[in-house]
Amino acid sequence: ERPILMCAVLFGILAWFSMMGPLVQSAWVLSRGGRRLVGPHVMLAMLAVCGGIIELLARLFYAGMMNASQWLAKDFNLDDWGGEPEGTGWRVLEMIHIVTRGMLLWVDAFEALTFFGIVVI
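Since this is a predicted model, take the numbers as computed values, not measurements.

## Comments concerning the environment of serine 18
- The topology assignment puts serine 18 in helix H1 (residues 2–30).
- Considering only alpha carbons, one finds serine 18 and isoleucine 98, 80 residues apart in sequence, at a separation of 30 Å.

Right, here's the structure in full:
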């Protein structure tokens, strides 16, 4: 599961970055070197760059959180934190996982809006 997750993160990042270059270049060409309709073309380039950077940061953050969660679950005693085996550590780890997935959901929504903006412009 872990190598597949790392490959998925890498391909997601590469997809946005391989799309970012041609979009910025086409914005430059369509604006005729910055002489015609500069505003929409700069917006197109900025949406592409912001989408790529946000994708990079979010996917690296998610991969790091998953690796840290697997490390914590494997190497630490999460059953007994306060003297009694009540599973508080597992609850905290599950809450961190839920929060991380929620953050990724909002980042994916922003990326969808970014892609929508690119297509509309």
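## Side note on the packing of aromatic side chains
- Under the definition given, this model contains one aromatic pair.
- Judged by centre distance (5.1 Å) and plane angle (90°), the rings of tryptophan 71 and phenylalanine 76 are edge-to-face.
- Assessed through its relative accessible area of 42%, phenylalanine 76 is described here as partly exposed.

## Here we look at the pattern of salt bridges
- Taken as a whole and judged by the stated rule, the model has two salt bridges.
- Between glutamate 55 and arginine 59 there is a salt bridge whose closest N-O contact spans 2.9 Å. In this pair, glutamate 55 and arginine 59 are both assigned in helix H2 (residues 38–75), four residues apart and thus about one turn of the helix distant.
- For arginine 59, the salt bridge is made with aspartate 108, and the minimal N-O distance between the two is 2.7 Å. One end of the pair, arginine 59, is in helix H2; the other, aspartate 108, is in helix H3 (residues 88–120), with 49 residues separating them in the sequence.
- On the accessibility criterion, aspartate 108 (29% relative accessible area) is partly exposed.

## Considerations on H3
- End to end, H3 covers 48 Å across 33 residues, agreeing with the expected 48 Å (1.5 Å per residue, within 8%).
- For H3, the elements touching its buried residues are H1 and H2.

## Side note on a negative patch on the surface
- There is a patch of like negative charges on the surface, built from Asp79, Asp80, Glu84 and Glu86.
- Among the structural elements, aspartate 80 can be located in the loop between H2 and H3.

## As for the nonpolar core
- Met20, Leu23, Ala27, Leu44, Ala45, Leu47, Ala48 and Ile118 form the largest nonpolar core, which has eight residues in total.
- At the level of secondary structure, the elements contributing two or more residues to this core comprise H1 and H2.
- Top element by residues in this core is H2. It accounts for four residues.
- Counting six residues, the second-largest nonpolar core is a separate cluster that includes Ala58, Tyr62, Leu104 and Val107.

## Let's talk about the side chain of arginine 59
- For arginine 59, a relative accessible area of 18% translates into the label buried.
- A distance of 2.7 Å separates the side chain of arginine 59 from the side chain of aspartate 108, its partner in a polar contact.
- Setting aside its immediate chain neighbours within four residues, arginine 59 contacts Val9, Ile13, Leu104, Asp108 and Glu111.

## Considerations on the environment of valine 49
- Tracing the backbone through its elements, the reader meets valine 49 in helix H2.
- The class of valine 49 is partly exposed, set by a relative accessible area of 27%.
- With 39 residues separating them along the chain, valine 49 and threonine 88 place their C-alpha atoms 41 Å apart.
- Among residues more than four places away in sequence, those in contact with valine 49 are Met20 and Val24.

Cut-offs applied
- Residues numbered from 1 in each chain as written.
- Predicted model: local features only at pLDDT ≥ 70, side-chain atom pairs only at ≥ 80, totals over all residues.
- Heavy atoms only, no water.
- Helix = DSSP H or I, 4+ residues; strand = E, 2+ residues; numbered from the N terminus.
- Phe/Tyr/Trp six-rings, centres within 6.5 Å; stacked < 30°, edge-to-face > 60°.
- Buried < 20%, exposed > 50% of the residue type's maximum accessible area, 1.4 Å probe, protein only.
- Salt bridge = Lys/Arg side-chain N within 4 Å of Asp/Glu carboxyl O.
- Expected span 1.5 Å × (residues − 1).
- Contact = heavy atoms within 4.5 Å.
- Patch = residues over 30% accessible without salt bridge, like charges linked within 9 Å, V, L, I, M, F, W, Y side chains within 5 Å.
- Areas by Shrake-Rupley, 256 points an atom, 1.4 Å probe, with all protein chains shown as cover.
- Lys, Arg positive; Asp, Glu negative; His and termini not counted.
- Charge placed at Lys NZ, Arg CZ, Asp CG, Glu CD.
- Core = buried A, V, L, I, M, F, W, Y, C linked by side-chain atoms within 4.5 Å.
- Polar contact = N/O pair within 3.5 Å; in protein donor to acceptor, adjacent residues only side chain to side chain.

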